Amino acid sequence: IGIGAVSALTDEGYNDNVPPVITVNGSNPASVELGGAYVDDGATAFDDNHGSTAVTASGSVNTSSVGSYTITYTATDVDGNSATASRIVNVVDTTAPVITVTGDDPVTSELGTAYTDAGATASDLSGDIVVVSTGEVDINTVGTYTLTYTATDASDNAATASRTVNVVDTTA
């Protein structure tokens, strides 16, 4: 071997310019529910010339916010050859809001007496939710009436709840 050839060789007798191969473990893309805990499955790397190679991960996943996040894995062999791979983690919201009917259900109202509905509230991990009420109570007609409460979150997950209002005549 000539002198010029020796400088291009590694200590093992050849020029290694091949990076390691990274294998992303688990699902890719991965999904996690809004508000859930994300545990990354990591990655492994193997270099044909040096065997198992350390992998570092960078990036983060904010499970408090719906969106796509990237975790990047990097592996560098002893000869300085680097490789990268990535995983997409989607934070999704598939859970409907929770509606709580305020006050009694069913509720009884006397015929001819004004009825004021106590309403309902909704909670959801995606933030504030508006509750929409539909239905009417005819205070001048004995009967059973249903008020329906609907709440839809930012991811279009909807929930409904209802209250029964019984208009009765107990006055002689």
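Before reading on, note that the structure itself is shown above.
Residues numbered from 1 in each chain as written. Predicted model: local features only at pLDDT ≥ 70, side-chain atom pairs only at ≥ 80, totals over all residues. Heavy atoms only, no water.

Trainee: Just give me the short version of the overall build of the protein, but keep the residues and values in it.
Mentor: Helices and strands together make up the secondary structure of the protein, namely 1 helix and 13 strands. The secondary structure elements of the protein, listed N-terminal to C-terminal, are α-β-β-β-β-β-β-β-β-β-β-β-β-β. Rg of the C-alpha trace for the protein: 31 Å, well past the compact-globule value of 16 Å for 172 residues, more than 25% over. Buried residues in the protein amount to 26% of all 172 residues. (Helix = DSSP H or I, 4+ residues; strand = E, 2+ residues; numbered from the N terminus. Rg over C-alpha atoms; globule rule 2.2 N^0.38 Å. Buried < 20%, exposed > 50% of the residue type's maximum accessible area, 1.4 Å probe, protein only.)

Trainee: With reference to specific residues and values, describe the side chain of D16.
Mentor: Along the chain, D16 turns up in the loop between α1 (3-7) and β1 (21-24). No salt bridge is formed by the buried D16; the nearest opposite charge belongs to R87, separated by 24 Å. Here N49 takes part through its side chain, which lies 3.0 Å from a polar atom of the side chain of D16. A distance of 3.2 Å separates a polar atom in the side chain of D16 from a polar atom in the side chain of H50. (Lys, Arg positive; Asp, Glu negative; His and termini not counted. Salt bridge = Lys/Arg side-chain N within 4 Å of Asp/Glu carboxyl O. Polar contact = N/O pair within 3.5 Å; in protein donor to acceptor, adjacent residues only side chain to side chain.)

Trainee: Give a detailed account of the sheet that holds strand β6 (residues 67-76), specifying residues and quantitative values.
Mentor: Read across the open sheet, the 4 strands follow the order β2-β7-β6-β5; overall the sheet is mixed. Bordering the open sheet on either side are β2 (30-33) and β5 (55-58), each of which pairs with just one other strand. For this sheet, the mean angle separating the axes of adjacent strands, direction not counted, is 25 degrees. Sheet topology note: the β5/β6 ladder contains 4 bridges and is antiparallel. Bridging from a neighbouring strand, S58 pairs with T72 of β6. (Pairing = 2+ DSSP bridges. Axes fitted to C-alpha atoms, helices over the stretch in contact; angles between N-to-C directions.)

Trainee: Which residues make up the nonpolar core, and what values do they have?
Mentor: Ranked by size, the top nonpolar core spans 14 residues in total, and within it I22, Y73, V89 and V91 carry the most contacts. Contributions of two or more residues to this core are made by β2, β3 (43-47), β6 and β7 (82-92). Those residues in contact with V89, other than ones at most four positions away along the chain, are A30, V32, Y38, V61, G67, S68, Y69 and I71. (Core = buried A, V, L, I, M, F, W, Y, C linked by side-chain atoms within 4.5 Å. Contact = heavy atoms within 4.5 Å.)

Trainee: Can you break down unusual backbone geometry residue by residue, with the values?
Mentor: Cis geometry is adopted by the peptide bond preceding P29, which originates at N28 and carries an omega value of 10 degrees. When you line up the elements, P29 lands in the loop between β1 and β2. Along the chain, D105 connects to P106 via a cis peptide bond; the corresponding omega equals 5 degrees. Its location among the elements puts P106 in the loop between β8 (98-101) and β9 (107-110). If you check the backbone angles, D156 has positive phi at about 65 degrees while not being a glycine. Here D156 shows up in the loop between β12 (143-152) and β13 (158-168). Taking the relative accessible area as the measure of exposure, D156 reaches 65% and is therefore exposed.

Trainee: How would you sum up the pattern of salt bridges? Please name residues and give values.
Mentor: The tally for this structure, following the rule as stated, stands at 2 salt bridges. Between R87 and D40 there is a salt bridge; the shortest N-O distance is 3.0 Å. In this pair, R87 sits in strand β7 while D40 sits in the loop between β2 and β3, placing the two residues 47 residues apart along the sequence. Classification of R87 by relative accessible area gives buried; the value is 1%. Assessed through its relative accessible area of 28%, D40 is described here as partly exposed.

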